[in-house]
Structure formats: C-alpha cells, structure tokens
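The primary structure of each chain is shown beneath.
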Amino acid sequence: MSIAHRGTGVALSAGAVLLALWLIAAAGGPETFAAAQWLLGSWLGLLMLLGFSFALFYHLLNGIRHLFWDAGLGFDLKTSDASGLAVLGGSAALTVLAWAAGLTVLGAH
Amino acid sequence: MAGTRSALGRVRGLGSAKEGVQHWWAQRLTALALIPLTLWFVTGLIGVAGADYATARAWIAQPVSAVALLLLLAAGFHHGQLGLQVVIEDYVHHEGLRLTLIVLVKALAVLASAAAAFAVLRIALGS
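Residues numbered from 1 in each chain as written. Chains lettered and ligands numbered in written order. Predicted model: local features only at pLDDT ≥ 70, side-chain atom pairs only at ≥ 80, totals over all residues. Heavy atoms only, no water.

## Points about the overall build of chain A
The criterion, for reference: Runs of H or I in DSSP of at least four residues are treated as helices and runs of E of at least two as strands, each being numbered from the N terminus. A simple rule labels every residue: compare its accessible area, found with a 1.4 Å probe on the protein chains alone, to the largest value its type can have, and call it buried under 20%, exposed over 50%, or partly exposed in between. Only heavy atoms matter for contacts: two residues are in contact if any of them lie within 4.5 Å across the pair. Accessible surface is estimated by sampling points in the Shrake-Rupley manner with a 1.4 Å probe; for residues, cover comes only from the protein chains shown.
Along chain A, the regular secondary structure elements total 4 helices and 0 strands. In sequence order, the secondary structure elements of chain A are arranged as α-α-α-α. In terms of its C-alpha atoms, chain A occupies a principal-axis envelope of roughly 55 × 25 × 20 Å. Going through the 109 residues of chain A one by one, you find that 33% of them count as buried. Look at the contacts in chain A between residues 6 or more apart in sequence, and 72% of them connect residues 24 or more apart. Carbon and sulfur atoms make up 80% of the accessible area of chain A, which totals about 6100 Å².

## Focus: the overall build of chain B
Scanning chain B for helices and strands turns up 5 helices and 0 strands. Ordered by position in the sequence, the α and β elements of chain B form the string α-α-α-α-α. Each of the 127 residues in chain B was classed as buried or not, and the buried ones make up 41%. Of the accessible surface of chain B, which amounts to about 7000 Å², a share of 73% is contributed by carbon and sulfur atoms.

## Points about the packing of aromatic side chains
Residue and element names in this part refer to chain B. Applicable threshold: Stacked, tilted and edge-to-face are the three classes assigned to paired rings of Phe, Tyr and Trp, where Trp is represented by its six-membered ring and a pair needs centres within 6.5 Å; plane angles under 30 degrees give stacked, over 60 edge-to-face, the rest tilted.
Evaluated as defined, the whole model comprises 7 aromatic pairs over all chains. An angle of 85° between the planes, with centres 5.6 Å apart, marks the rings of tryptophan 24 and tryptophan 25 as edge-to-face. Since its relative accessible area comes to 29%, tryptophan 24 is described here as partly exposed. Each ring, one from tryptophan 40 and one from phenylalanine 41, has its centre 6.5 Å from the other, and the planes form 40°; the classification is tilted. The class of phenylalanine 41 is buried, set by a relative accessible area of 11%.

## Quick word on the environment of isoleucine 60 of chain B
Residue position: isoleucine 60 of chain B is located in helix H3 (residues 53-61). Expressed as a C-alpha distance, the spacing of isoleucine 60 of chain B and leucine 121 of chain B, which sit 61 residues apart in the sequence, is 9.3 Å. Excluding anything up to four places from it in sequence, isoleucine 60 of chain B contacts Trp22, Leu23 and Ala26 of chain A together with Ser65, Ala66, Leu69, Val120 and Ile123 of chain B.

## Points about the pattern of salt bridges
We apply this condition: For this document, the term salt bridge refers to a Lys or Arg side-chain nitrogen within 4 Å of an Asp or Glu carboxyl oxygen.
Applying the stated criterion across every chain yields a total of 2 salt bridges over all chains. In this structure, arginine 6 of chain A and aspartate 90 of chain B form a salt bridge, with 2.4 Å as the shortest nitrogen-oxygen distance. With one member in each of two chains, arginine 6 of chain A in helix H1 (residues 2-27) and aspartate 90 of chain B in helix H4 (residues 63-91) form a pair that bridges those chains. Arginine 6 of chain A sits in the partly exposed class, given a relative accessible area of 24%.

## Let's talk about the nonpolar core
Test applied: What makes a nonpolar core is a set of buried Ala, Val, Leu, Ile, Met, Phe, Trp, Tyr and Cys residues whose side-chain atoms join them at distances within 4.5 Å.
Core analysis: the largest hydrophobic core is formed by 32 residues, its most contacted members being Leu23 of chain A together with Ile60 of chain B. At the level of elements, H1 and helix H2 (30-41) of chain A together with helix H2 (21-47), H3, H4 and helix H5 (95-125) of chain B are the ones that each hand at least two residues to this core. Take this core: its biggest share by element is 8 residues, from H1 of chain A. Among the nonpolar cores identified, the runner-up in size contains 5 residues, and Ile88, Val92, Ile102 and Val105 of chain B belong to it.

## With respect to the interface of chain B and chain A
Under the convention used in this document: We define buried area as the total accessible area lost by two parts upon association, computed with a 1.4 Å probe and summed across both. Under this definition, polar contacts are N or O atom pairs within 3.5 Å; protein pairs additionally need one hydrogen-donor-capable and one acceptor-capable atom, and for neighbouring residues in sequence, both atoms have to be side-chain atoms.
At the interface, 37 residues of chain B touch 29 residues of chain A. For the chain B and chain A pair, buried surface summed over both sides reaches about 2700 Å², with 77% attributable to carbon and sulfur atoms. Counting across the chain B and chain A interface gives 2 salt bridges. Across the chain B-chain A interface, the total number found is 6 residue pairs in polar contact (both at pLDDT 80 or more). For the side of chain B that touches chain A, the elements supplying multiple residues, two or more each, are H2, H3, H4 and H5 of chain B.

## Comments concerning the packing of H3 of chain B against H4 of chain B
The relative placement of two packed helices is expressed as an angle between their axes plus a distance between the axes. Residue and element names in this part refer to chain B. For clarity, the cut-off: Note on geometry: axes are C-alpha line fits, over the in-contact stretch for helices, and angles between N-to-C directions span 0 to 180 degrees. For classification purposes, an angle smaller than 35 degrees is called roughly parallel, one larger than 145 roughly antiparallel, one from 65 to 115 roughly perpendicular, and anything else oblique. Gly counts as polar in this scheme, as do all residues outside two lists: the nonpolar Ala, Val, Leu, Ile, Met, Phe, Trp, Tyr, Cys and Pro, and the charged Asp, Glu, Lys and Arg.
Two elements in contact, H3 and H4, have axes whose closest approach is 5 Å; the angle formed by their N-to-C orientations is 75°. Here H4 runs roughly perpendicular to H3, going by the angle between their axes. Two secondary-structure elements touch here, H3 through Trp59, Ile60 and Ala61 and H4 through Pro63, Ser65, Ala66 and Leu69. Split by residue class, the contact of H3 with H4 holds 6 nonpolar, 1 polar and no charged.

Take a look at the structure:
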C-alpha cells in the first residue's frame, strides 16, 4: 500500500498542475473557462476526475494513517492491517459520496 | 539544525538518509494543513459543479474561498514537490539526472503555484 501512497501522490501532483490551469482558465474569462469546463466534462475528462478523486481520498486517508504512525501509534500488524482496510474502504466510500453529491448538484444547475 | 554534515553535504542532500529533518517536518506540516484545506476544496468544488461562469467566479472571489485557495496552492505544491523529490531520489540513480529532475520539479511547482495564485488574486480583486 505504500507504493499506492506514492503512486497516488504522483498522480495528485499532476492533478495539482491541472487545478492551476483550471484557475488560470477561470481568470482568463468566460471563453477560456468554457473550454476548460468542456474538456473536464468530456468522457476522458470525467474519467480523469474520477481517478483523481479516488487518488485524493486514498492519499488523504492513508496520509492520516501515516501521521498516526509518525506519532508512534498503530504500528502493530493487526492495527495497521485494519487501518489499511479502513483506508481502502473509506476512499471508495468518499469517492462514491463525492460523485453522488456532485452529480446531484450538476443536475440541479 | 546543522547536524554533523559538511555544508556541501547538507546542500546536496547527501548521506544515506538523503532527506533532512527539515524536509520531514515540512512534509508533515503541509500534510496537516492540507487535511482541512482539501476537504474544504472538495465540498466547494461539488457546490459549483456545472455552474455557469459567473457563479464559479463568484465562488472563487469570496474572501474565504480566495484565501483557502491560496493556502491550498501553497501547501499543496510544496507538499507535492517534497514528495516528488523523495520519489526521484529513490528511483533515479544517476546523480546529474537526479539533481536536474529535482530542480525541474521545484521550478515547475513554483511556477504553477505562482501563476495559479495570480489567477485567484485577479478574480478576487476584480479583473
């Protein structure tokens, strides 16, 4: 799972650059913003966003797990196995939740 | 936190541990900051999903949003570039290439966060 923490971290770095571009597009005016939104709304864009959101939640939850380890807590194998499963389950749950909320808001707009 | 290294060793990040304790702290502090910041960002982004330009812009322009975005960009890019540095140090064994990549990553992080911060300020301050 630590390789996944690294992998999601690298993916999120790429996502951060895309976030920067999105903000720059928003500052650039309605046309550039519309172009950015169009790209993000394409099937490839949505797939990317889905991947990024899972990577985000995974890295966030596993990061918190790491912070507990830094404090010296939860090292024993039983606890770390359990927390690892919790991270995976939590990441999936948060991804589903976030997308359900997002699609609901999208429908309302 | 000078430790026992030579000055050149400190600058080049030499030694088997490679990363110094400052790096470790910065990574943890930015990580802590990013917990509330990313949660805020995700909920905010969901709120403007599919919204028109004016609405999205207005959200960014709100003082709380703008400040949070600036902090997210600063902490996020710093955290990311520290992490990428660790990955590069672990997997790139050629010293010249390793140093070049690390410098490139740091430069890109600074460039991206500066450009994005400028965009946020433009929107928040009204142009």
